[in-house]
Amino acid sequence: MGRAGVAASLLALGFLALRGLAASSEEKCSKTEFQCQDGECIPSKWVCDGSPECKDESDEWQETCKSVTCKSEEFSCGGRVNRCIPASWRCDTKADCENGSDERDCAPKSCMDDQFQCHNGQCVSLAFVCDEDHDCEDGSDEADCPTPTCNPNMFQCNSSLCIPKLWACDDDPDCPDGSDEWPQNCGGRTAPAPGPCSPLEFHCGSGECIHAQWRCDGGLDCRDRSDEENCAKPTCRPDEFQCNDGACVHGSRQCDQEYDCKDLSDEVGCKNVTACEGPDKFKCRSGECIPLDKVCNRQRDCRDWSDEPIKECDTNECLANKGGCSHICKDLKLGYECLCPEGYQLVDQKKCEDIDECLSPDTCSQICVNLEGSYKCECNEGYQLDLPTKTCKAIGTIAYLFFTNRNEVRRMTLDRSDYGSLISHLKHVVALDLEIAQHKIYWSDLSQKKIYSTRLDQADNSTHHTAVISTGLRAPDGIAVDWVHGNIYWTDSALGTVSVANREGTKRKTLIEEPGSKPRAVVVDPSRGFMYWTDWGSSAKIAKSGLNGVDSFPLVKDGIEWPNGITLDLVNQRLYWVDSKLHSISSVGVDGGSRKTILEDQERLAHPFAVTVFEDKVFWTDILNEAIFSANRLTGTNVTLVAEDLFSPEDIVLYHNLRQPAGISWCENHPLPNGGCEYLCLPAPQITRHSPKYTCACPDGLHLAADMRSCSKDPEVPATSTTPLARLLTTTSALKQTARPPAATAGVPSTHAGGGLDLTTSEMVTLSQQARNEVAAETNQDKHSSRTALSVVLPLVLISLIAFGAFLVWKNWRLKNINSINFDNPVYQKTTEDEVHICRSQDGYTYPSRQCVSLEDDVA
């Protein structure tokens, strides 16, 4: 082969090698990944998302983004970044594309026949027109309105509002100004003396009861502000400082770096003028504080010349190995400092380490992925990242706010483009919740003392309203629907209880009852089996328990005074609540950690009542402002007025299909109906992976029988269980006359009083947390009995040991005092046997009968 042939062969081999390398490089990334130009692999969903993840930024190149193809259910933004967004985001009045193309060429919105179109394009209910409330943002629904009049079947309030005549003079003010109960409108009769409050409470003029210590404390707690009327204003001496709450402290205690006022106002606005801090200040070793530009200017500005050290002023320490800094070295007039690039933090004053931004729950809306020197935000299924706001937006149905307005329930889109009344002519609706999959709405009426339900498409027809709970209620302030298991939970602040019933209301049970408690709002997590509620009673708290009432304990009990509304962010597993006394919105993890105050505002949180969250916003109602507000749920910024001119807005919930994800109902999936339970089948809290899925419950006054499924009037006398646990528990308590019923665990046979062996298979209901607590309590009792028995046995054993030791001492003494004879004559030694056997007869020690030597003969 010639040189030309050899060269051609080498070129071919080189081409094949390069091709192999290219092929291996191409196959480096998986199908769900994008390969950067430098060979790095990143998830495909990060391509063209507005922030480069490739080091060469090739994932955001215009050529890369133009090649992206959108799905049929998506809208293509086009332009420099051809981003794909859900088609439902098109023409939603919010620009989601970088170039705003999703809000261009949108057809003008048209309202339905039963709606009024505001001048700005909004749609509101016709019933809101000329009702003296500005429901359109531009107020066009109240323009050119005639003098309001009411029909003969209505009562006209002094504020021109019309209410049913039956509501007038019923000792329950329904007009905003209370004119329906004025004596001149009720035939001169006076209202009966109010007495619904306890001696430890103050009765507001607007009807509610508050803690007596809140009277004249400077905070507006009553809706009509009557708790702060006719209060003596405290005054302080000239040499005293008056705290914002009215308390007086000595003037010398202001700005002493110690808090003396309860509201901490004595340290507000204090500045230490002697501090020498900041990048433009230099503190001399002799104590002076001089500007930094006077350092190393060859003039003495410090008394000790510490601003003019000769060696340091002429030295650049960064020239030698960057001063030992791992990344950036900055030379200073005196010395140097190590700096880190964005996304890193300085440790040991010289080394830079990556900052894990994901340690903070507020870094991202939902999912945070930590990267070297940076981080990435992602969204859960059903949500998509909105690039302009960097928040996760929901995909699916249109989001609506449902809220109560004293005599009605209203609904409104988040942008107020659709606003109307859902249920009207109610008496005093206070609590509200939805069952989205069943298209049902539930509400409680404080005046009627009942809980109702109806389908959303039949809500405007009162004949379709059904009373779910109509007895045994006094103040049903909160409602929560378990949309997975089909149960409703409610609180009663007057009774101090939290109860549950099936959605039909035919089966009910009181789960929590505490003296002195005032449970207000309640929220549930069906998939994990927990519920949470606020309590502003004698010991204010946020409480948590299982949906079956098991394992109840306070989750938050410090820094809380009047917790009102509460809501659960299912995606991030965080609770949000409002405090009407502290004028604040706070959040905490469902495990009680990472507590944070979102917002404190005495004006826009004057008297918050209810709260809900959606995406990155938190919404709340305020009774004193008669309005609904929203803010960023992570930072508390961007406070926005959502609706105003309302009449006592109380509860508020959000309607969207993602708010109630589907789950498994173990009670329905069981081979036996209702999970084998005779009465209620309730989900159990999923504390560990071994926790039961549900437990059975009986109505008030009845108890679970030995099978843990049926109900009996009295607790049954238990039979002896054959399980190892039961044998262990009954070892020290076998002599007891009575004991609690034993509870068999799943898959373990147990013998009951009936005589036969009852196998606890998957058809049996597993033990509840409460049953296990009872077993633990019995174990403690058995331990106490064991300790009693040991106190008797141990002295006897000690006496026996002492007696045995005395016997050994006596025996040793006796043997030492017996005379012995030594035989040295070999005649007397046994030579015919392997060993000598000495026997003891009545006369002493002898040899066996076959070979015995008489000592008497020897003596003779």
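Everything numeric in this text was worked out from a predicted model, so none of it was measured.

1. So, the sheet that holds strand 5 (residues 115-117)
Then, number 1: Across the sheet, which stays open at both edges, the six strands sit in the order 5-6-25-24-23-46 with mixed pairing between neighbours. Strands at the two margins of the open sheet, each flanked by one partner only, are strand 5 and strand 46 (649-655). For this sheet the average axis-to-axis angle between neighbouring strands, irrespective of direction, equals 25°.
Then, number 2: Relative to strand 25 (residues 418-423), strand 6 (residues 123-125) runs parallel, the two being bridged by two bridges. Bridge pairing in strand 25 links Val-124 to Tyr-419.

2. As for the nonpolar core
Then, number 1: Within the largest apolar cluster, 38 residues are counted, with the highest numbers of intra-cluster contacts made by Ile-469, Ile-488 and Trp-490.
Then, number 2: It is strand 42 (residues 608-614) that provides the largest number of residues to this core, a total of three residues.
Then, number 3: Setting aside residues no more than four positions away along its own chain, Ile-469 makes contact with Lys-450, Ile-451, Ile-488, Trp-490, Ala-501, Gly-505 and Arg-508.
Then, number 4: If you look at the next biggest cluster of nonpolar residues, it comprises 36 residues, including Val-523, Ala-543, Ile-560 and Leu-680.

3. Re the pairing of strand 39 (residues 574-579)
Then, number 1: For strand 39, a buried count of six out of six residues is recorded, marking the element as mostly surrounded by other parts of the structure.
Then, number 2: Residues Arg-574, Tyr-576 and Val-578 of strand 39 are buried on one face, and the alternating residues Leu-575, Trp-577 and Asp-579, pointing to the opposite face, are buried as well.
Then, number 3: Examined bridge by bridge, strand 38 (residues 563-569) and strand 39 share five bridges and lie antiparallel to one another. Its bridge partner lying in strand 39, Leu-568 is registered against Leu-575.
Then, number 4: The hairpin turn running from strand 38 into strand 39, its antiparallel successor, is four residues long, and Gln-573 in that turn takes a positive phi close to 55°.
Then, number 5: Here six bridges tie strand 39 to strand 40 (residues 584-589), and the two strands are oriented antiparallel to one another. Looking at the pairing, Arg-574 lines up with Gly-589 of strand 40.

4. What to know about the sheet that holds strand 43 (residues 617-622)
Then, number 1: An order of 42-43-44-45 is seen for the four strands of this open sheet, with the pairing classed as antiparallel. Looking at the sheet topology across the chains shown, the edges are occupied by strand 42 and strand 45 (640-643). Strand-to-strand twist across the sheet, computed as the mean angle between neighbouring axes with direction ignored, equals 30°.
Then, number 2: The pairing of strand 42 with strand 43 spans five bridges and is classified as antiparallel. Bridge pairing in strand 43 links Val-613 to Val-618.

5. Digging into the packing of aromatic side chains
Then, number 1: Summed over the entire model, instances satisfying the criterion amount to eight aromatic pairs.
Then, number 2: With a centroid separation of 6.3 Å and 25° between ring planes, the pair formed by Trp-214 and Trp-536 is classed as stacked. Within this pair, whereas Trp-214 is found in the loop between strand 10 (209-211) and strand 11 (240-242), its partner Trp-536 is found in the loop between strand 35 (530-535) and strand 36 (541-546), the two being separated by 322 residues in sequence.
Then, number 3: You can call Trp-214 buried: its relative accessible area is 5%.
Then, number 4: Geometrically, the ring pair formed by Trp-620 and Phe-629 is stacked, given 5.7 Å between the ring centres and 25° between the ring planes. This pair shows no difference in class: Trp-620 is buried, exactly as Phe-629 is.
Then, number 5: Taken together, Phe-128, Phe-403 and Tyr-419 form an aromatic cluster joined through their ring pairs.
Then, number 6: Geometry around Trp-89 places Lys-393 over its ring, the cationic atom sitting 4.3 Å from the centre.
Then, number 7: Cation over ring: Lys-518 sits above Trp-536, and NZ or CZ is 5.4 Å from the ring centre.

6. Points about the environment of Cys-318
Then, number 1: Along the chain, the position of Cys-318 falls in the loop between helix 3 (310-313) and strand 15 (328-331).
Then, number 2: Note: C-alpha distance between Cys-318 and Leu-332 (14 residues apart in sequence) is 9.5 Å.
Then, number 3: The contacts of Cys-318, once residues within four sequence positions are left out, are Gly-323, Cys-329, Lys-330, Asp-331 and Tyr-336.

7. Focus on the layout of surface pockets
Then, number 1: Of the voids in this model, the second largest pocket is the one considered here, and its volume is about 1200 Å³.
Then, number 2: Residue lining of the second largest pocket: 47 residues in total, with Ala-127, Phe-128, Asp-131, Glu-408 and Arg-410 positioned closest to the centre.
Then, number 3: Contributing elements (two or more residues each) for the lining of the second largest pocket: strand 6, strand 8 (162-164), strand 24 (409-413) and strand 25.
Then, number 4: Its residues assigned to classes, the lining of the second largest pocket comprises 22 nonpolar, 13 polar and twelve charged.

8. Brief notes about the environment of Leu-422
Then, number 1: Structurally, Leu-422 can be placed in strand 25.
Then, number 2: For Leu-422, a relative accessible area of 10% puts it in the buried group.
Then, number 3: It is 8.1 Å that separates the C-alpha atoms of Leu-422 and Leu-456, two residues lying 34 residues apart in sequence.
Then, number 4: Setting aside chain neighbours within four positions, we find Leu-422 in contact with Phe-402, Val-409, Arg-410, Ile-441, Leu-456, Ala-459 and Asp-460.

9. Details of the pattern of salt bridges
Then, number 1: Going through the model one piece at a time under the given rule, you end up with 17 salt bridges.
Then, number 2: As a salt-bridge pair, Asp-457 and Arg-455 come within 3.3 Å of each other at their nearest N and O atoms.
Then, number 3: The shortest N-O distance in the salt bridge between Asp-601 and Arg-604 comes to 2.9 Å.
Then, number 4: Linked through salt bridges whose partners overlap, the residues forming this network are Asp-135, Glu-408 and Arg-410.

10. What to know about the confidence of the model for the chain
In low-pLDDT regions, the fine details of the predicted coordinates are not to be read closely.
Then, number 1: Mean pLDDT over the chain: 80, with 80% of residues reaching 70 or higher.
Then, number 2: For the stretch residues 720-781, pLDDT sits under 50, and the model shows 91 contacts to residues farther than four places along the chain or on other chains.
Then, number 3: Below pLDDT 50 for its whole length, residues 823-860 participates in 29 contacts with residues either more than four positions away or in separate chains.

11. Concerning unusual backbone geometry
Residues other than glycine predominantly adopt negative phi, and peptide bonds predominantly adopt the trans conformation.
Then, number 1: The phi dihedral of Asn-230 falls on the positive side, at around 55°, and the residue is not glycine.
Then, number 2: With respect to the element layout, Asn-230 can be found in the loop between strand 10 and strand 11.
Then, number 3: In this structure, Arg-406 is a non-glycine residue whose phi angle is positive, near 65°.
Then, number 4: Inspection of the secondary structure assignment puts Arg-406 in the loop between strand 23 (400-405) and strand 24.

12. With respect to a nonpolar patch on the surface
Then, number 1: On the surface, a nonpolar cluster with roughly 600 Å² of combined accessible area is contributed by Phe-804, Phe-807, Leu-808, Trp-810 and Trp-813.
Then, number 2: Its location among the elements puts Trp-810 in helix 5 (residues 769-816).
Then, number 3: Note on Trp-810: relative accessible area 46%, which makes it partly exposed.

13. Quick notes on the state of the cysteines
Then, number 1: Taken as a whole and judged by the stated rule, the model has 28 disulfides.
Then, number 2: The side chain of Cys-70 participates in a disulfide bridge whose partner is Cys-84; the two sulfur atoms lie 2.0 Å from each other. Taking the sign of the S-S torsion, -90° for the link of Cys-70 and Cys-84, the bridge is left-handed. Residue Cys-70 is found in the loop between helix 2 (62-66) and strand 3 (74-76), and its partner Cys-84 is found in strand 4 (residues 84-86); the two are separated by 14 residues along the sequence.
Then, number 3: Disulfide pairing is shown between Cys-340 and Cys-352; the S-S distance is 2.0 Å.

14. Brief notes about the side chain of Arg-520
Then, number 1: Inspection of the secondary structure assignment puts Arg-520 in strand 34 (residues 519-525).
Then, number 2: There is a polar contact of 3.0 Å between the side chain of Arg-520 and the side chain of Asn-564.
Then, number 3: The residues touching Arg-520, leaving out its near neighbours within four places in the chain, are Asp-477, Gly-478, Thr-491, Thr-534, Trp-536, Pro-563, Asn-564, Gly-565 and Phe-609.

The rules we used
- Residues numbered from 1 in each chain as written.
- Predicted model: local features only at pLDDT ≥ 70, side-chain atom pairs only at ≥ 80, totals over all residues.
- Heavy atoms only, no water.
- Pairing = 2+ DSSP bridges.
- Helix = DSSP H or I, 4+ residues; strand = E, 2+ residues; numbered from the N terminus.
- Axes fitted to C-alpha atoms, helices over the stretch in contact; angles between N-to-C directions.
- Core = buried A, V, L, I, M, F, W, Y, C linked by side-chain atoms within 4.5 Å.
- Buried < 20%, exposed > 50% of the residue type's maximum accessible area, 1.4 Å probe, protein only.
- Contact = heavy atoms within 4.5 Å.
- Phe/Tyr/Trp six-rings, centres within 6.5 Å; stacked < 30°, edge-to-face > 60°.
- Lys NZ or Arg CZ within 6 Å of the ring centre and 35° of its normal.
- 1 Å grid on protein atoms, 1.4 Å probe; cavity = no way out; pocket = protein on both sides within 12 Å on 5 of 7 lines; lining within 4 Å.
- Points joined across faces, edges and corners; volume = space filled by probe spheres on them.
- Nonpolar A, V, L, I, M, F, W, Y, C, P; charged D, E, K, R; others polar.
- Salt bridge = Lys/Arg side-chain N within 4 Å of Asp/Glu carboxyl O.
- pLDDT = per-residue confidence, 0-100.
- Patch = residues over 30% accessible without salt bridge, like charges linked within 9 Å, V, L, I, M, F, W, Y side chains within 5 Å.
- Areas by Shrake-Rupley, 256 points an atom, 1.4 Å probe, with all protein chains shown as cover.
- Disulfide = S-S within 2.5 Å.
- Polar contact = N/O pair within 3.5 Å; in protein donor to acceptor, adjacent residues only side chain to side chain.

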